[in-house]
Amino acid sequence: MRRGRFAPTPSGDMHLGNAKIALLSWLQIRAAGGQFILRIEDIDIQRSRAEITERIITDLKWLGLDWDEGPEVGGDYGPYWQSERLELYHEALVKLQAKHCLYPCYCSRAELLAVAGAPHGLASEGTAYAGTCRFLSEAERIEKAKSKTPSLRFALGEDATSFEDGIFGPQSFPPGSGGDFIVRRADGMYSYQLAVTIDDALMGITDVLRGADLLDSTPRQLQLYQALELTPPTFAHAPLLLGEDGHRLAKRHGDLGISALRTAGARPEAIIGWIAYICGIISKPEPVQASDLVSSFSLQQVARHPFILTQQIIRQLLPS
Ligand code: GLU
């Protein structure tokens, strides 16, 4: 049975870019007759808000996107909130430690930022971690531990990582790309990379479809799957929606939130139709229900280029 998921972080309202990912991942699974899971990625409890989770749930239902497991419906693979899955992340961490895949890192934020000219890490992170703490002697570790609680990093393997992306095709990342990454921060918080890998694996997810901003996270997650001897899902990354300033949609484009559009009188069919149009699934931007797109959907149709969302388009989504 194919299993897919939508995994929003409830730190900001769902915008049209998130709705695009939700629609595509939902269509992929519904077209395959599989099970769709809603998972709330509130691992960063400081930045997550219960009322935003509520609005995301309302937005998804309003858009006509349902789920077989998750908030409100339950399921056999819960809990469906990351904040309730910490024990599972801890168990994975212990396994990684037993396999000598992790090392403590004592570098401060200032030290990390000071490394000029280092190769790039993930697009979202800037400079790749240079591996400073990877080869510390035991004596050096003991000395540093006297004054600082370390974060824990995953030591990347020596091989290149390749995978077939369901939208962007063959991908290959050179050995060490992105740098050794954090699995648990010094304050004890587990990282997105660890949590998402454990969740997708333990929830039996077979198909991950998410935004292209996470394409360069996939090699990291594949290394975690390998180290933990878990079977990875297939991955597909959909191009982002950009704001008029050319940057990815973010909270500062808040007026584009689905809840805001709903409150302003937009119709869900207009939004679904417009998203389907820019994805290349339908040939004209006309109102359509998500369920009407299921039977003809294929991932091969999905356009690979990013799309700029203008105020003019927003106006077209609103009642005249
Ligand atoms: N929680 C992530 C986000 O909202 C998505 C993670 C994923 O799909 O792997 O951007």
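These numbers come from a predicted model, not from an experiment.

Trainee: Please clarify how helix α6 (residues 192-202) should be interpreted in this entry.
Mentor: Every α-helix carries 3.6 residues per turn, so stepping three or four residues along brings you back to the same face. Burial analysis of α6 places nine of its eleven residues in the buried class, which makes it a mostly covered element. For α6, the set of buried residues is Gln-193, Leu-194, Ala-195, Val-196, Thr-197, Ile-198, Asp-199, Asp-200 and Ala-201. Each element contacted by the buried residues of α6 is listed here: β1 (3-6), α3 (86-98), β7 (181-184), β8 (207-211) and α7 (218-227).

Trainee: Would you mind showing me how to read the pairing of β1 here?
Mentor: Across a regular strand the side chains alternate sides, sitting on one face of the sheet and then on the other. The alternating pattern of β1 places Arg-3 and Arg-5 on one face and Gly-4 and Phe-6 on the opposite face, and all of these are buried. The sheet contact formed by β1 and strand β2 (residues 35-38) spans four bridges and is parallel. The residue of β2 that forms the bridge with Phe-6 is Leu-38. Traced from β1 through helix α1 (residues 16-31) to β2, the parallel crossover comes out right-handed.

Trainee: Please clarify how the site of the ligand should be interpreted in this entry.
Mentor: The immediate surroundings of the ligand are formed by Arg-5, Ala-7, Pro-8, Thr-9, Glu-41, Tyr-192, Val-196, Arg-210 and Leu-214. Measuring from a nitrogen atom of the ligand, one finds a side-chain N or O atom of Glu-41 at 2.6 Å. Arg-210 has a polar side-chain atom sitting 2.9 Å from an oxygen atom of the ligand. Grouping the constituent residues of the shell around the ligand by class yields five nonpolar, one polar and three charged.

Trainee: For this particular structure, what's the right way to read the nonpolar core?
Mentor: Nonpolar side chains tend toward joint burial in soluble globular proteins. Residues Leu-16, Leu-60, Leu-63, Ile-271 and Trp-274 are the most contacted members of the largest nonpolar core, which totals 51 residues. Counting only elements with at least two residues in this core, the list comes to α1, β2, α2 (50-63), β9 (234-238), α8 (258-263), α9 (268-278) and α10 (311-317). A total of nine residues in this core trace back to one element, the largest contributor, which is α1. If we skip the residues at most four places from it in the chain, Leu-16 touches Leu-241, Leu-249, Leu-256, Ile-258, Leu-261, Ile-271, Trp-274, Ile-275, Leu-309, Ile-314 and Leu-317. Within the second largest apolar cluster, 20 residues are counted, among which are Leu-93, Leu-96, Leu-152 and Ala-227.

How each quantity is defined
- Chains are numbered independently. Their residues run from 1 in the order of the written sequence.
- The predicted origin of the model limits local features to residues at a pLDDT of at least 70 and limits the giving and counting of side-chain atom pairs to 80 or more, whereas totals for whole chains, interfaces and linings rest on all residues.
- Working from all heavy atoms in the structure, the side-chain values ignore hydrogens and water.
- Type-normalised accessible area, obtained with a 1.4 Å probe on protein chains alone, sets the label of each residue: buried when under 20%, exposed when over 50%, and partly exposed for intermediate values.
- Counting from the N terminus, the helices are DSSP H or I runs at least four residues long and the strands are E runs at least two residues long.
- Any pair of residues with heavy atoms lying within 4.5 Å of one another is described as a contacting pair.
- When DSSP locates at least two bridges between a pair of strands, those strands are taken to pair.
- When the strands point away from the viewer, a crossover counts as right-handed if the route from the first strand across the helix to the second turns clockwise.
- Proximity criterion: a residue is near a molecule or strand once any of its heavy atoms comes within 4 Å of it.
- Side-chain atoms alone can form a polar contact between residues adjacent in sequence; in general such a contact is a pair of N or O atoms within 3.5 Å, and within protein one must be able to donate a hydrogen while the other accepts it.
- The classification used treats Ala, Val, Leu, Ile, Met, Phe, Trp, Tyr, Cys and Pro as nonpolar, Asp, Glu, Lys and Arg as charged, and all other residues, Gly among them, as polar.
- For this analysis, a nonpolar core means a set of buried residues of the types Ala, Val, Leu, Ile, Met, Phe, Trp, Tyr and Cys, connected via side-chain atoms within 4.5 Å.

By themselves, these are just geometric observations and shouldn't be taken as functional.
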